[in-house]
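Listed here are the chains, written in short residue letters.
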Amino acid sequence: MTTTAPRRTLAWAAPVLAALIALPFVVPPYQTVLLTYGLVFAIAALGFNLLLGYTGLLSFGHSAYFGMGAYAVAFIVKYAKLESMEAFLLGGVLASGAVAAVFGVLCVRYTKIFFGILTLALSQVLWSLAFKFFWVTGGSDGLRVPTPTLLGGAVRAGSDKFEFLSHRYYFYVLAVFVVAVALMWVIVHSPFGKALQAIRDNETRAEFVGVQVWHYRWVAFLISGMFTGLAGALWVPLNGLTTPDILHWTFSGKIVFFTVLGGFQTFFGPIVGAVIFNYLETYAVGHTVYWQMVLGIVLVALVLVLPAGIVGTVRRLLARPVRAV
Amino acid sequence: MDLLRTSQLCKSFGDTHAVDHVDFAVAAGEVLALIGSNGAGKTTLINVISGLIRPDSGRVDFQGTDITGASVHHKIALGIARSFQLVNLFDQLSVRDNVTLAIFSREGRTRRLFSLADADSAVRDEGAVVLKEFGLEARGSALAGGLSQGERKLLDVAVAYALRPRLLFLDEPTSGVSTREKAPIMDIITQVVRSGGITAVIVEHDMDVVFTYCPRIVAMHQGAILADGTPEQIRNNAQVTANMLGTTG
């Protein structure tokens, strides 16, 4: 994970952003909505990768924070009768942060498989709560979330919900996405981010340069959970409904898949992985009832052929001629 | 006053007394060597003092304060740093980042989430100076995992040195490198340590290295201190000679 100069990153990030801004005016609304899902998942994967790629901890329970973000929004609608997206985001981030803070205390003393299993088990506790406490959570029916108002009520949905989602809501998600990416980029390049990478590479030595390993892991866990919770809060209005599925460990597996697909040893890998996975899944589901098998084959093929993920492999290919000189 | 003093320090692993009632003192400004055959307890003594493992009994004082049960973090804050026999580096970080992380940590700046590490020119400059002192300035951008064994040994010491400790433990800084590389490595290390006014305890296997670079030598055998003196005294100590030349470990 070499450091990328900010200028070099901006040089290609700026055109990509321009393309993303222009997109809703060029492609059909359905494509824009599909990409919105991709961007939302990308934020979740970005949060997840702070733990996997930068701190060396494989969480198998990130559905907990995504789901907590989503359910927090549903509870805000159900109990506080609010429809403001800003309230949703705040509530989602705080709720997932609270859960991550508690789960983190329990998990950060462990690493490797023990960490993974513990995060998995804790997330399944939330899943079963959402499933069983149907008078609060709606059980397997889930909770409905209406179309929100944006920017403190200044932007509202008209009669055409799809038009709202494919334009105004898309730009809203894109803006949050850009802020989240920029924030995470600064975090991983900060002294704190370097300390996390040091912990990943060598826990003992990190302790012997004065880094309090558990404490730093906990902060990383918290930030990671909040990013994923933010994604969950953005996802609900898009989906219109939250169900316990989003808390189930299989969704945690998807977040892992996004990240591995894109390449967890790169900053932008999880983003690319999430967007591509979303397309893969959507088209696989649309074309065959055996879509899970298709995805399974893709995963196996990727692990065997591109162990560094899509972005990792592309970067390696680009770097090769330079190295040969 | 002694910078460091251990009193009746003990650490056992099962029936093995790795550190057996050790009374050991280091004065400020000293560069001393800790010698002994394999299994003599040198590394265990350093591990106990630096906080990697806890002693069974006994006491460690640093600058007159009891630090026996202090956390590693606290000991580092007091100015006790160490390098490792088996090199412990952050392999996927650049050589520069390995050193600057120690500087950020020393300055309490690793808690900063919202500033770019590379934008801190004071830390970057200090890191560059440290790398230059250790002859690694040309390797700053390389990943630590890509260095040669000799460079890795130097970087391991450089990371500990960048903490600006008062007391630095160097656990076999020349182990695993060729005989030809040993002298240059020790030249650099002793030069840096002396010019920085750092008190250093060097664990070493190679007697030639020890006699050349360290004015005081402490010999350990089976967890206890066998002899303590100048190179001349140690060389003429019959017990040391017998144990160092013998095959028992």
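Conventions used here
- Residues numbered from 1 in each chain as written.
- Chains lettered and ligands numbered in written order.
- Predicted model: local features only at pLDDT ≥ 70, side-chain atom pairs only at ≥ 80, totals over all residues.
- Helix = DSSP H or I, 4+ residues; strand = E, 2+ residues; numbered from the N terminus.
- Rg over C-alpha atoms; globule rule 2.2 N^0.38 Å.
- Buried ≥ 20, exposed ≤ 12 C-beta atoms within 10 Å, placed from the backbone.
- Contact = placed C-beta atoms within 7 Å.
- Pairing = 2+ DSSP bridges.
- Axes fitted to C-alpha atoms, helices over the stretch in contact; angles between N-to-C directions.
- Left-handed = near helix turned anticlockwise from the far one by under 90°.
- Nonpolar A, V, L, I, M, F, W, Y, C, P; charged D, E, K, R; others polar.
- pLDDT = per-residue confidence, 0-100.
- Core = buried A, V, L, I, M, F, W, Y, C linked by C-beta atoms within 7 Å.
- Parallel < 35°, antiparallel > 145°, perpendicular 65-115°, else oblique.

Enquirer: When you look at the overall build of chain A in this model, what are you seeing that I'm missing?
Expert: Assigned secondary structure in chain A consists of 14 helices and two strands. Relative to a compact globule of 325 residues, whose C-alpha radius of gyration would be 20 Å, chain A shows 19 Å and is just as compact. With the principal axes as the frame, chain A shows a C-alpha extent of 60 × 45 × 40 Å. Going through the 325 residues of chain A one by one, you find that 49% of them count as buried. Put simply, of all contacts in chain A between residues at least 6 apart along the chain, 77% involve residues at least 24 apart.

Enquirer: I would appreciate a short explanation of the pairing of strand S2 (residues 16-27) of chain B in the present structure.
Expert: Across a regular strand the side chains alternate sides, sitting on one face of the sheet and then on the other. Residues and elements named next belong to chain B. Where strand S1 (residues 2-13) lies against S2, eight bridges are found, and the strand directions are antiparallel. Its bridge partner being in S2, Asp-2 is matched across the sheet by Ala-27. Adjacent in sequence and paired antiparallel, S1 and S2 are bridged by two residues, among which Gly-14 carries a positive phi angle near 65°.

Enquirer: What is the right way to look at the packing of helix H8 (residues 191-201) of chain A against helix H3 (residues 95-106) of chain B in this model?
Expert: In a packed pair of helices, the relevant descriptors are the angle between the two axes and the axis-to-axis distance. Between H8 of chain A and H3 of chain B, whose axes approach to 10 Å, the crossing angle comes to 115°. Along this stretch, H8 of chain A crosses H3 of chain B, giving a crossing that reads as left-handed. Across the interface between the two elements, Pro-191, Lys-194, Ala-195 and Ala-198 of chain A from H8 of chain A touch Asp-97, Leu-101 and Phe-104 of chain B from H3 of chain B. In terms of residue class, the contact of H8 of chain A with H3 of chain B is made up of five nonpolar, no polar and two charged.

Enquirer: For this particular structure, what's the right way to read the interface of chain B and chain A?
Expert: It is common to give the size of an interface as the accessible area that goes away when the parts come together. At the junction of the two partners, chain B supplies 30 residues and chain A supplies 23 residues. Put simply, the parts of the chain that give the side of chain B that touches chain A at least two residues each are helix H2 (72-78) and H3 of chain B. For the side of chain B that touches chain A, the leading source of residues is H3 of chain B, giving six residues. Here the side of chain B that touches chain A is composed, by residue class, of 15 nonpolar, seven polar and eight charged.

Enquirer: I keep staring at unusual backbone geometry and nothing clicks. Help me out?
Expert: What you tend to see is this: most non-glycine residues have negative phi, and most peptide bonds are trans. Residue and element names in this part refer to chain B. Of note, the phi angle at His-21 is positive, near 50°, even though the residue is not glycine. Of note in the backbone geometry, Glu-172 takes a positive phi value of approximately 50° without being a glycine. With respect to the element layout, Glu-172 can be found in the loop between strand S7 (167-171) and helix H6 (179-195).

Enquirer: For this particular structure, what's the right way to read the confidence of the model for chain A?
Expert: For residues with low pLDDT, the predicted coordinates do not support detailed interpretation. Looking at chain A, pLDDT values average 91 and 97% of them are 70 or higher. When mean pLDDT is taken per element in chain A, helix H10 (residues 213-239) of chain A scores highest with 97 and helix H14 (residues 309-324) of chain A scores lowest with 76.

Enquirer: Is there a simple way to explain the environment of Phe-103 of chain A in this structure?
Expert: Residue and element names in this part refer to chain A. You can see Phe-103 is positioned in helix H4 (residues 85-107). Distance from Phe-103 to Val-77, taken between C-alpha atoms, is 26 Å for residues 26 residues apart in sequence. When sequence neighbours within four positions are dropped, the list of residues in contact with Phe-103 reads Ala-64 and Leu-122.

Enquirer: What is the right way to look at the nonpolar core in this model?
Expert: One broad trend across soluble globular proteins is that nonpolar side chains are buried collectively. Membership of the largest hydrophobic core comes to 172 residues, with the highest contact counts inside it found for Ile-43 of chain A together with Ala-158 of chain B. Ile-43 of chain A has contacts with Phe-177, Ala-180, Phe-227, Leu-230, Ala-231 and Leu-234 of chain A, leaving out every residue within four places of it along the chain.

Enquirer: Before we go on, may I ask you to explain the sheet that holds S7 of chain B in this structure?
Expert: One key point about sheets: their strands pair by backbone hydrogen bonds, in either a parallel or an antiparallel sense. Residues and elements named next belong to chain B. Spatially, S6-S7-S8-S3-S9-S10 is the arrangement adopted by the six strands of the open sheet, whose pairing is mixed. Looking at which strands have only one partner, the edges of the open sheet turn out to be strand S6 (80-82) and strand S10 (224-229). Along the sheet, successive strands turn relative to each other by an average axial angle of 20°, direction set aside. In terms of strand pairing, S6 meets S7 through three bridges, oriented parallel. Note on S7: the bridge partner recorded for Ala-81 is Leu-168. The strands that H6 touches are strand S3 (31-35), S7 and strand S8 (199-203); relative to S3, the one it contacts most, it runs at about 135°.

Enquirer: Any chance you could explain the confidence of the model for chain B here in plain terms?
Expert: Predicted confidence across chain B gives a mean pLDDT of 90, with 98% of residues reaching 70 or more. Within chain B, the element-level pLDDT minimum falls on helix H9 (residues 238-245) of chain B, averaging 76, and the maximum on H3 of chain B, averaging 96.

Enquirer: Please clarify how the environment of Gly-269 of chain A should be interpreted in this entry.
Expert: One can find Gly-269 of chain A in helix H12 (residues 269-287). Excluding anything up to four places from it in sequence, Gly-269 of chain A contacts Thr-259, Gly-262, Gly-263, Phe-264, Gly-309, Ile-310, Val-311 and Gly-312 of chain A.

Enquirer: For this particular structure, what's the right way to read the packing of helix H3 (residues 63-80) of chain A against H10 of chain A?
Expert: All names here are of chain A. In contact at an axis separation of 6 Å, H3 and H10 are set at 45° when each is read in the N-to-C sense. Put simply, H3 runs oblique to H10. The interaxial crossing formed by H3 with H10 has right-handed handedness. Between H3 and H10, the contacting residues are Tyr-65, Phe-66, Gly-67, Met-68, Gly-69, Ala-70, Ala-72, Val-73 and Ala-74 on the first element and Gly-225, Thr-228, Gly-229, Leu-230, Ala-231, Gly-232, Ala-233, Trp-235 and Val-236 on the second. For the contact of H3 with H10, the residue count by class is twelve nonpolar, six polar and no charged.

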